[in-house]
Amino acid sequence: MEAEDDAAGAIIGDEEIYANGRDETDSQRHRPIISGEQLDIEAYAALYTGRTKTTRLLFIADKCGAPSMELEALRMAYDEIKKGENTQLFREVVGKINGRLGPNYGLDNAWADAVDRRAELRKEKLENELNAYRTNLIKESIRMGYNDFGDFYYAHGQLGEAFKNYVRTRDYCTTSKHIIHMCLNAILLSIEMGQFTHVTSYVGKAEQTADGLDPVTVAKLRCAAGLSHLEGKKYKLAARKFLEVGPELGNNYTEVISPQDVATYGSLCALASFDRSELKSKVIDNTNFRNFLELVPEIRELINDFHTSHYASCLEYLGNLKTNLLLDIHLHDHVETLYEQIRSKALIQYTLPFVSVDLNMMANAFNTSVTGLEKELEALITNDQIQARIDSHNKILYARHADQRNGTFQRVLQTGNEFDRELRAMLLRANLIKHDYNLKAARKH
Amino acid sequence: MNLNMHSVESLVAQIQGLSGNIGELTQLRSYLKHCDDLLRTESTRLAPLLTELDPSVHSLGYLYILEACTSAPLSKDQANELVLSIARFINVCAAEQIRLAPEKFISICKRFKEQVVLLDDPMRGVAPLLTSIRKLQSSTEQLTTLHPDFMLLCLLSKCYKIGLSVLEDDVFEIDQPRDLFLYCYYGGMICIGQKQFRKALELLHNVVTAPMPIISAIAVEAYKKYILVSLIHLGQFATSFPKYTSSAAQRNLKNFSQSYLDLVNNYSIGKVSEVEKCVQINKDTFESDNNLGLVKQVVSSMYKRNIQRLTQTYLTLSLQDIANTVQLNSPKEAEMHVLQMIQEGDIYATINQKDGMVRFLEDPEQYKTCEMIERLDLSIQRIMMLSKKLTTMNEVMSCDPSYLGKVGRERQRFDYDDFDTVHSKFNI
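Residues numbered from 1 in each chain as written. Chains lettered and ligands numbered in written order. Predicted model: local features only at pLDDT ≥ 70, side-chain atom pairs only at ≥ 80, totals over all residues. Heavy atoms only, no water.

### Looking at the overall build of chain B
Argument step 1. Each helix and strand in chain B was counted, giving 22 helices and five strands.
Argument step 2. By the compact-globule yardstick of 22 Å for 428 residues, chain B is too spread out, its C-alpha radius of gyration being 29 Å.
Argument step 3. With respect to the principal axes defined by its C-alpha atoms, chain B has extents near 90 × 70 × 50 Å.
Argument step 4. For chain B, with 428 residues in total, the buried portion stands at 48%.
Argument step 5. In chain B, the proportion of contacts linking residues at least 24 apart, taken out of those at least 6 apart, comes to 63%.
Argument step 6. Of the roughly 22,300 Å² of accessible surface on chain B, 54% is carried by carbon and sulfur atoms.
Argument step 7. Positive and negative charge centroids in chain B, built from 45 and 50 side chains respectively, lie 3 Å apart. (Helix = DSSP H or I, 4+ residues; strand = E, 2+ residues; numbered from the N terminus. Rg over C-alpha atoms; globule rule 2.2 N^0.38 Å. Buried < 20%, exposed > 50% of the residue type's maximum accessible area, 1.4 Å probe, protein only. Contact = heavy atoms within 4.5 Å. Areas by Shrake-Rupley, 256 points an atom, 1.4 Å probe, with all protein chains shown as cover. Lys, Arg positive; Asp, Glu negative; His and termini not counted. Charge placed at Lys NZ, Arg CZ, Asp CG, Glu CD.)

Pasting the structure below:
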């Protein structure tokens, strides 16, 4: 017996304390693969079609801060616009280029005028047609007439007019297919205009149509809903919507969103807002979503890192991706908040299983300094997100569980005192009012 | 009309004869009421009469005559004598007798207080007024007109402890609302002087939230002190009034205390330098309101609050870090502050001077001692007593004819179930 005990004692003595999140044997596998290289603008732009391609390129040109990238983006935007009929946007882009790309990318007035003239003619033609249809009162033709108008205005960059015309078709829709068509157009315009309240209402309308929707439309609607939640900073709802998007989406909605975006937005929102069990069931074990995650391997890696508590590499991935994410038109305003939330969640999750945590080891795990870490933890403790206290002398974090019994006694005594005080004040006031009332009554008589 | 000796003697005889029991006293009282004008006109000649009467036995008569004597304006030496004679009377008079003529008694006590203040010796008046209050009160729950005068004398003479002992009684019945406001205001000031901020807050709260059709200067001053005490004691101030505050107060009080509300805003931001700046800007206002001392206490309470907040996050912290977080100048100052807080019982901590570290401890109260159980028991008893009071008051009210009349008239406006209990004879 004693020999066994000795052996057991010896084994225990040989064990070392391992830092959470740092497993030496796995270090090879979890070395960051992608170092967030500069965004390949052509590849990025190829993911999208239609007007959003141009707006995204312009956004990148605005925000990227590197002249070479900016010019590349502007060049591609110019080419794209020349393929379309939006002369106003054309003039804008030329202004931004400012002659830096040479004579081929200057203000081509001839082209602009030709396009404008064509537009005038087309507009007249459409108007005449529409009037003819209206006098004939054929619903289907009127609907198509308004739709054509909507398309026309959209191509020429007059988004408000386009939206109005699309919405006017509502009165002439006869089948659910028509309604869905109208809703999708309205949603597209609302997203382009940045009016996400409309997006939510039209998504709702589309989902309520009686006939079954085909899976592609369902996926499209879910994406749109997710986008509007994202804009509204409701990250949990946005995550849920994006995670429900089926793989049928494919490349069918590139005028709004690409599958890579679905993966990125969904994962980041989920990381920032889901708790551990939800993250596992809805993201990691989600077979449908896996297809999307395959398109963005870095994000897949960082989710796995987060789940397996390899926080340093997870945060490293996030840091690398940050510059590129800031160039995304929908995510730009939310990157900071999401990152903060993810970091806080990581800190909280790290401390959760322990009674005491050595701050030095934790600082290593998060690749930060002990003083910085102390400040962050202090903020989290003050916000009641971590129940613990810091031993600043020895640099240890101790979990602290409130003593229920003492707390209850304290609250009871306090409530008693408050009740006492309130009741006495109330009786006093009642007597004052009675006195006043009696005085008035006495005066009356 | 000349007071001839005959009627003087008959007066004295009446007093002496009718001071036996309560029936005779009521008779005496009506007689004295008739003679009131007489007494007043002949006030200067009444002094010798007093020597023939025994104040402890003939209190009612003595009171009337004394009151008539003292209503005339006096010179300084006469004032001293007056003070002595009234003090003597108060000490020996019979409580039941003077309660038959409360206005007279109150009037001489007020006169007494005036003279004491004029003589610049408020301490002489403290004990007699205390006795007079106890004799005039029908119960300890009643607030008399003399209470605020007593409080004022305590404040002027700095006899705070006596003032506090009177404040311990709960007050429920009041003669005049104005008395209550003054009483609570002065009482609040006494509590502040004794650093009993919880009670001060309660008293000032009563003034601010009392029903009042129009606001008075007392309410305005009380509100200013209320803000400051709230900052010191609770570390915050709720600018919204409770629902039961009168609308006059809700609308107007804030207009008079703008600098104080600025102080509140700066305090809630949490930076000591900002608060000090605000104090500097508004120094004159605070000084003219005699609140500068309190304001200084508000500033030092900020340090306390900040250190208290640290106890929630840290187990041990170096004095240097405390000084940095709380915006103090040096670790030595931090040590001073922490030491003082430990002594006053605001936090539980130990200072390790060798390492320059402070270790924060949990509240050692385990709620397991006999004293704690007694405290709980006492609390329960009090609340039961108060609840009983409330129920009695409710019952009395629901039998009051004017209440029932009003409810009967308003019956149509209310839900049928609420007032079904009122008899239909009370409709209109």
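Moving on, there is more to tell.
### Focus: the UniProt feature "domain: PCI" (unreviewed entry) in chain B
Argument step 1. As recorded in UniProt, the sites labelled "domain: PCI" (unreviewed entry) are residues 196-365 of chain B.
Argument step 2. Across residues 196-365 of chain B, helical content stands at 66% and strand content at 8%; the span's end C-alpha atoms are separated by 22 Å. (UniProt positions renumbered as here; feature names shortened; annotations may be inferred.)

### Brief notes about the UniProt feature "coiled-coil region" (unreviewed entry) in chain A
Argument step 1. In the UniProt entry, the feature "coiled-coil region" (unreviewed entry) is given for residues 116-143 of chain A.
Argument step 2. Regarding residues 116-143 of chain A, the helix share stands at 93% and the strand share at 0%, and the terminal C-alpha atoms are separated by 25 Å.

### Re the interface of chain B and chain A
Argument step 1. Listed per partner, the contact involves 43 residues of chain B and 36 residues of chain A.
Argument step 2. Summed over both partners, the interface of chain B with chain A buries about 4,000 Å², with 60% contributed by carbon and sulfur atoms.
Argument step 3. For the chain B face of the interface with chain A, the top three residues by lost area are T313, Y314 and Y367 of chain B, together amounting to 17%.
Argument step 4. Put simply, chain B and chain A have five salt bridges between them.
Argument step 5. Put simply, R382 of chain B and D420 of chain A hold a salt bridge, and the shortest N to O gap is 2.6 Å.
Argument step 6. Mapped by element, the contributors of at least two residues to the side of chain B that touches chain A are β2 (173-174), α11 (177-193), α12 (197-209), α18 (292-313), β3 (314-318), β5 (357-360) and α21 (370-399) of chain B.
Argument step 7. Here the side of chain B that touches chain A takes ten residues from α21 of chain B, the largest share from any one element.
Argument step 8. When grouped by side-chain class, the residues that make up the side of chain B that touches chain A number 20 nonpolar, ten polar and 13 charged.
Argument step 9. Inspection of the sheet shows strand β2 (residues 388-391) of chain A paired to β3 of chain B by two bridges, in the parallel sense. (Buried area = accessible area lost by both parts, 1.4 Å probe. Salt bridge = Lys/Arg side-chain N within 4 Å of Asp/Glu carboxyl O. Nonpolar A, V, L, I, M, F, W, Y, C, P; charged D, E, K, R; others polar. Pairing = 2+ DSSP bridges.)

### Examining the confidence of the model for chain B
Detailed reading of predicted coordinates is not advised where the pLDDT is low.
Argument step 1. Averaged over all residues, the pLDDT of chain B equals 83, while 93% of them reach at least 70.
Argument step 2. Of all the helices and strands in chain B, helix α1 (residues 5-17) of chain B carries the lowest mean pLDDT, 70, while α12 of chain B carries the highest, 92. (pLDDT = per-residue confidence, 0-100.)

### Some words on the confidence of the model for chain A
Residues and elements named next belong to chain A.
Argument step 1. When pLDDT is averaged along chain A, the result is 83, and 91% of the positions lie at 70 or above.
Argument step 2. Mean pLDDT in chain A bottoms out at helix α2 (residues 27-30), which sits at 34, and peaks at helix α13 (residues 235-243), which reaches 92.
Argument step 3. Contacts from residues 1-19, a stretch scored under 50 in pLDDT, to residues over four places away or in other chains number two contacts.
Argument step 4. A low-confidence stretch, residues 21-35 (pLDDT under 50), is modelled with 14 contacts involving residues beyond four sequence positions or located in other chains.

### Thoughts on the pattern of salt bridges
Argument step 1. One pass over the full model with this rule turns up 43 salt bridges over all chains.
Argument step 2. The closest approach of N and O atoms between K110 of chain B and D149 of chain B, which form a salt bridge, is 2.8 Å. Within this pair, whereas K110 of chain B is found in helix α7 (residues 102-118), its partner D149 of chain B is found in helix α9 (residues 146-157), the two being separated by 39 residues in sequence.
Argument step 3. Between K224 of chain B and E221 of chain B there is a salt bridge, with its nearest N and O atoms 3.4 Å apart. One end of the pair, K224 of chain B, and the other, E221 of chain B, are both in helix α13 (residues 217-234), three residues apart, so they sit about a helical turn from each other.
Argument step 4. Residue E221 of chain B is classed as partly exposed on the basis of its relative accessible area of 23%.
Argument step 5. Sharing partners across several salt bridges, the network here consists of D420 and R424 of chain A together with D170, R198, E202 and R382 of chain B.

### Quick look at the domain arrangement of chain B
Argument step 1. Taken as a whole, chain B is organised into domain 1 (1-133), domain 2 (176-304) and domain 3 (314-364).
Argument step 2. One C-alpha centre belongs to domain 1 of chain B, the other to domain 2 of chain B; they are set 41 Å apart. (Domains from an automatic or database assignment.)

### Digging into the packing of aromatic side chains
Argument step 1. The final tally for this structure, using the stated rule, is 21 aromatic pairs over all chains.
Argument step 2. The interplanar angle of 85 degrees and the centroid separation of 5.9 Å between the aromatic rings of F306 of chain A and Y311 of chain A together place this pair among those described as edge-to-face.
Argument step 3. The exposure class assigned to F306 of chain A is buried, which follows from its relative accessible area of 2%.
Argument step 4. Residue Y311 of chain A is classed as buried on the basis of its relative accessible area of 2%.
Argument step 5. Pairing Y223 of chain B with F237 of chain B gives two aromatic rings, centres 6.2 Å apart and planes at 65 degrees, and the pair type is edge-to-face. Taken together, the positions of Y223 of chain B in helix α13 and F237 of chain B in the loop between α13 and α14 (247-256) put the pair 14 residues apart, joining distant regions of the chain.
Argument step 6. Exposure remark for F237 of chain B: the relative accessible area of 11% places this residue in the buried category. (Phe/Tyr/Trp six-rings, centres within 6.5 Å; stacked < 30°, edge-to-face > 60°.)

### Structural notes on the UniProt feature "domain: PCI" (unreviewed entry) in chain A
Argument step 1. UniProt tags residues 235-404 of chain A as "domain: PCI" (unreviewed entry).
Argument step 2. As a span, residues 235-404 of chain A carries 62% helix and 6% strand, and end to end its C-alpha atoms are 34 Å apart.

### Points about the sheet that holds strand β4 (residues 349-352) of chain B
Argument step 1. One open sheet holds the six strands; their spatial order is β1(A)-β3(A)-β2(A)-β3(B)-β5(B)-β4(B), and the pairing between them is mixed. The sheet is open, and its two borders are formed by β1 (356-358) of chain A together with β4 of chain B, each paired with just one other strand. Each strand axis lies, on average, 20 degrees off the axis of its neighbour in the sheet, ignoring direction.
Argument step 2. Strands β2 and β3 (396-399) of chain A together with β3 of chain B of the sheet are contacted by helix α21 (residues 370-382) of chain A, whose axis makes an angle of about 150 degrees with β2 of chain A.
Argument step 3. Contacts from helix α20 (residues 331-344) of chain B reach β4 and β5 of chain B, with the element oriented near 145 degrees to β4 of chain B. (Axes fitted to C-alpha atoms, helices over the stretch in contact; angles between N-to-C directions.)

### Regarding the environment of A119 of chain A
Residues and elements named next belong to chain A.
Argument step 1. Along the chain, A119 falls in helix α7 (residues 109-136).
Argument step 2. Among the residues examined, A119 registers a relative accessible area of 10% and is labelled buried.
Argument step 3. For the pair A119 and P247, spaced 128 residues apart in sequence, the C-alpha to C-alpha distance is 39 Å.
Argument step 4. Once residues within four sequence positions are removed from consideration, A119 is found in contact with F152 and H156.

### Here we look at a positive patch on the surface
Argument step 1. Taken together, the side chains of K440, R443 and K444 of chain A together with R409 of chain B present a region of like positive charge at the surface.
Argument step 2. It is helix α22 (residues 404-444) of chain A that contributes the most residues to the positive patch, three residues altogether. (Patch = residues over 30% accessible without salt bridge, like charges linked within 9 Å, V, L, I, M, F, W, Y side chains within 5 Å.)

### Here we look at helix α19 (residues 335-351) of chain A
Argument step 1. End to end, α19 of chain A covers 25 Å across 17 residues, agreeing with the expected 24 Å (1.5 Å per residue, within 8%).
Argument step 2. All buried positions along α19 of chain A are accounted for by V335, L338, Y339, I342, A346, L347, I348, Q349, Y350 and T351 of chain A. (Expected span 1.5 Å × (residues − 1).)

### A few points about α22 of chain A
Argument step 1. With 41 residues, α22 of chain A should reach 60 Å at 1.5 Å per residue; the first-to-last C-alpha distance of 59 Å fits that figure.
Argument step 2. With a side-chain oxygen positioned 3.1 Å from the backbone nitrogen of R405 of chain A, the residue opening α22 of chain A is D403 of chain A. (Polar contact = N/O pair within 3.5 Å; in protein donor to acceptor, adjacent residues only side chain to side chain.)

### Re the packing of α9 of chain B against α11 of chain B
Residue and element names in this part refer to chain B.
Argument step 1. With their axes 8 Å apart at the nearest point, α9 and α11 run at an angle of 25 degrees to one another. One finds that α9 runs roughly parallel with respect to α11. Crossing hand, α9 versus α11: left-handed. Where α9 abuts α11, its residues H147, P148, M151, L152, C154 and L155 lie against D179, L182, Y183, Y186, G187, M189 and I190.
Argument step 2. Looking at side-chain class alone, the contact of α9 with α11 contains ten nonpolar, two polar and one charged residues. (Parallel < 35°, antiparallel > 145°, perpendicular 65-115°, else oblique. Left-handed = near helix turned anticlockwise from the far one by under 90°.)

### Brief notes about empty space enclosed by the protein
Argument step 1. Applying the stated criterion across every chain, the model contains five cavities of 30 Å³ or more.
Argument step 2. Within this model, the largest cavity holds a volume of roughly 200 Å³.
Argument step 3. In terms of lining residues, the largest cavity is bounded by 16 residues, among which R424 of chain A together with V171, E202, L203 and N206 of chain B are the most central.
Argument step 4. Counting only elements with at least two residues in the lining of the largest cavity, the list comes to α22 of chain A together with α11 and α12 of chain B.
Argument step 5. In terms of residue class, the lining of the largest cavity is built from nine nonpolar, one polar and six charged. (1 Å grid on protein atoms, 1.4 Å probe; cavity = no way out; pocket = protein on both sides within 12 Å on 5 of 7 lines; lining within 4 Å. Points joined across faces, edges and corners; volume = space filled by probe spheres on them.)

### Observations concerning the nonpolar core
Argument step 1. Membership of the largest hydrophobic core comes to 219 residues, with the highest contact counts inside it found for F105 and I322 of chain B.
Argument step 2. With eleven residues, the top contributor of residues to this core is α13 of chain B.
Argument step 3. For F105 of chain B, the contacting residues outside a window of four places in its chain are L63, F89, C93, I98, S132, L136 and L146 of chain B.
Argument step 4. Among the nonpolar cores identified, the runner-up in size contains 27 residues, and L58, C64, A73 and L74 of chain A belong to it. (Core = buried A, V, L, I, M, F, W, Y, C linked by side-chain atoms within 4.5 Å.)

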